[in-house]
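Survey of secondary and tertiary structure
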Amino acid sequence: MSTTGRKPSLQASTARMVFEECMADGACVEAVVARLALRFETGLDAAELADVALDMCSADLRNGDRLERIAELLRRRPDIFAMLRETGAAVRHERGEWETDAAVVRRLAAGFDAAAAISLAASVQLSSLGDEEKLTATTDEIVAWLETQGFTGADRDILDIGCGIGRFESALSSAAHRIVGIDISSKMISIARQRCASLRNVEVRPTSGLDLADFGNATFDCVLAVDSFPYLALAGLAERYFKEIARVLKTSGMAALLNYSYRGSPALDRADVHRLAGAHGMQVVVDSEKPFRLWDGNAFLLAASEGTLRLNNCSGVT
């Protein structure tokens, strides 16, 4: 029985299932709220979802405290939930039956332009709840993890695929020789350039989103892709980008893919990453781990092997 005395709706029952999935996955409070916003673009409001969370408390004692905190957040700041819904809805995560790869990329670019106009922080990480301090804390946690993996260094040239508003360029600039950030969103590129204007070793540039043809072979020590591969996978470009990453990486370089897809199957993601890495001369060093406390992303770390195929100085993509 709902705490309001209402009979649970079909959507409320669906919400309960989403809550159970999130609890089992160990997602933090903010990540659960963000997932709910993506799942329920219309229909249930924040108050109804708070009711669902409180209803579950007595039946799920292990996660009771987390559910109570989710309910409290939804009730105290329903405006946040509305903003997350609007930001999430700006970027459609389904592919149209007749959409070409290029058409998907163009649509996503327009979607991210729209999302950035609603909330800069939420447009690049919905679980930041639009809070710049939360986004900075998560960014710093990811950077600390990258440092422990040997990803940074005064001699490192880093390519950031899907740089968004330039948060990693800013955070990594003092720990790298050179950073190049690319993105398909013109609005995000503009914001990233403003954010990084004073950083001499940072370059931010627009990209077609179809390949890395702007860069020569063995150009970078490291390639970073935080929450960008799910959109490459959506556009049917994941395999092409594995080939491109292998091409632009220097011998013994590495690539960090933080989230491969949003399809909700870690097993399928691992299978795809292993298959594509093997096909393009890379080894999986970190295999779908969840090393972050403030963000629920899955981490893959790939190392280019000595035998990685190097093409002539062109993208090899037609």
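To start, this report covers the structure provided alongside it. (Residues numbered from 1 in each chain as written. Predicted model: local features only at pLDDT ≥ 70, side-chain atom pairs only at ≥ 80, totals over all residues. Heavy atoms only, no water.)

**Some remarks on the environment of Ala12**
- Within the element layout of this structure, Ala12 appears in helix H1 (residues 10-25).
- A relative accessible area of 13% places Ala12 in the buried class.
- With residues up to four places along the chain from it excluded, the contact list for Ala12 reads Leu44 and Val52. (Helix = DSSP H or I, 4+ residues; strand = E, 2+ residues; numbered from the N terminus. Buried < 20%, exposed > 50% of the residue type's maximum accessible area, 1.4 Å probe, protein only. Contact = heavy atoms within 4.5 Å.)

**Re the packing of helix H3 (residues 46-57) against helix H4 (residues 64-76)**
- It is the contact of H3 with H4, at a shortest axis distance of 8 Å, that shows an interaxial angle of 160°. Viewed along their axes, H3 and H4 adopt a mutual orientation that is roughly antiparallel. Handedness of the H3/H4 crossing: left-handed. For the pair formed by H3 and H4, the contact residues are Ala46, Leu49, Ala50, Asp51, Ala53, Leu54, Met56 and Cys57 on the first element and Gly64, Leu67, Glu68, Ala71, Leu74 and Arg75 on the second. (Axes fitted to C-alpha atoms, helices over the stretch in contact; angles between N-to-C directions. Parallel < 35°, antiparallel > 145°, perpendicular 65-115°, else oblique. Left-handed = near helix turned anticlockwise from the far one by under 90°.)

**Focus: the environment of Met23**
- Take Met23: it is sitting in helix H1.
- Using a relative accessible area of 5% as the deciding quantity, one classes Met23 as buried.
- With sequence-adjacent residues up to four places away left out, Met23 is seen in contact with Val32, Asp60, Asn63, Arg66, Leu67 and Ile70.

**Points about the sheet that holds strand E4 (residues 220-226)**
- If you trace the 7 strands from one edge of the open sheet to the other, you get E3-E2-E1-E4-E5-E7-E6, paired in mixed fashion. Whereas interior strands pair on both sides, the edge strands pair on one side only; in this sheet they are strand E3 (202-206) and strand E6 (282-289). Each adjacent strand pair in this sheet contributes to an overall mean axis angle of 15°, direction not counted.
- Here strand E5 (residues 249-258) runs beside strand E7 (residues 299-304); their pairing, made up of 5 bridges, is antiparallel. The residue of E7 that forms the bridge with Met254 is Ala303.
- Contacts from helix H12 (residues 238-248) reach strand E1 (153-161), E4, E5, E6 and E7, with the element oriented near 140° to E5.
- Against the sheet, helix H13 (residues 266-279) touches E6 and E7, its axis set at about 165° to E6. (Pairing = 2+ DSSP bridges.)

Scope: geometric values only; no functional claims are made or implied.
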